[in-house]
Amino acid sequence: MGSVSRNIVVVAATAVFLAAVTAAALMLGASSVSLPELATWLFGGDVSATARNILENVRVPRVLAALLAGAALATSGALIQACLDNPLASPNVIGVNSGAGLAVLLAASLVPGALWLTPLAAFAGALATALIIFALSLGTGLSRLTVVLAGIAITTVFGAGMNTILIVDPDAYIGSSTFLVGGLSGVLMRDLAWPAAYIAVGLAAALTGAAKLNILSLGDEAAHSLGVNVRAVRLGMLAVAAVLAGAAVSFAGLVGFVGLVVPHLMRFFVGHDNRWVVLAGAAFVVGCDLLARVLFAPYELPVGILLAFIGGPFFIYLILKNKGGGLD
């Protein structure tokens, strides 16, 4: 099978899986909705008040949040890895998520109730952190691994800042314990309006710039020879990555490792074409959130915990895989 045919098969399979896992996520949970009820509701038919309430007020906001967070974080991770030319980079690893989280809690403490401000603050925090890491990676000649270690140090400092805010102002953020590990329970449609707009703009910008990022994978010299302004593309796409990661953090909390795992998986199947991580990221988070809901029913794990169980070993695998010069 040729590479183009294989890519088509992989993308089609990802789309089918996304549809299937989304339907399952709408049906399954503490209270189940049957497939006929779901189909009837989707086509505007009459269903029981209970089923309608579950779907409209619980499942749809949560599944939509998972779709948005997965697409945003996976795309953000792909952008960061391409911009920094670092296979270990992702929004949570280099501190972008923590920068967004600190800004969210600051905004919640200083301007409570301003829903429109939350994604804007998250973007500002994410962008500031991304620029710090970018400056370190370019201006100091640090190795890839050292840049990652710097990101982990930044994450630790910002984590201490978040905990300080929550100790000084415990009411700053309702559900802060879930926010700190990353979770989607209790997300409402009104929580998603502003972040969805940011994510839509960010995904559009990322897809527009995907071709130039794919050229960057050939190396800086080759990209220059093909007319690409390497530094401008890197800075611009880092800003887009910050928009995406910040918007996701604003409603999903510090969900980690999506931006690390998904780009690598898709790169294995379809190469360095960054366009397909959107579908895969959405499917990955919806599936993980569904598992977090049903694996230990009637108890429920925040999806961030499950993602940490998956992403931590994968991160170690990448470090071992890239040893011997791959991280210099």
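Residues numbered from 1 in each chain as written. Predicted model: local features only at pLDDT ≥ 70, side-chain atom pairs only at ≥ 80, totals over all residues. Heavy atoms only, no water.

### Structural notes on the nonpolar core
Judged by nonpolar contacts, the single largest core of 106 residues is most densely connected at Leu184, Phe251 and Val258. Per element, the largest residue contribution to this core is 18 residues, and it comes from helix 3 (residues 49-84). (Core = buried A, V, L, I, M, F, W, Y, C linked by side-chain atoms within 4.5 Å. Buried < 20%, exposed > 50% of the residue type's maximum accessible area, 1.4 Å probe, protein only. Helix = DSSP H or I, 4+ residues; strand = E, 2+ residues; numbered from the N terminus.)

### Considerations on unusual backbone geometry
In this model, aspartate 85 sits at a positive phi of 50°, which is unusual for a non-glycine residue. Structurally, the position occupied by aspartate 85 is in the loop between helix 3 and helix 4 (96-110). Within the chain, phenylalanine 257 stands out as a residue other than glycine whose phi angle is a positive 75°. Mapping phenylalanine 257 onto the fold places it in the loop between helix 10 (230-252) and helix 11 (258-270).

### Some words on the pattern of salt bridges
In total, this model carries four salt bridges according to the counting rule given. We note a salt bridge from arginine 62 to aspartate 289, for which the minimum N-O separation is 2.8 Å. A residue pair is termed long-range when its members are at least 10 positions apart, and arginine 62 in helix 3 and aspartate 289 in helix 12 (residues 277-294) qualify at 227 residues. In terms of burial, arginine 62 and aspartate 289 fall into one category: buried. Two residues, arginine 62 and glutamate 300, come together in a salt bridge whose shortest N-O distance is 2.8 Å. A residue pair is termed long-range when its members are at least 10 positions apart, and arginine 62 in helix 3 and glutamate 300 in the loop between helix 12 and helix 13 (303-321) qualify at 238 residues. The exposure class of arginine 62 is buried, given its relative accessible area of 9%. The partly exposed category is assigned to glutamate 300, whose relative accessible area is 40%. (Salt bridge = Lys/Arg side-chain N within 4 Å of Asp/Glu carboxyl O.)

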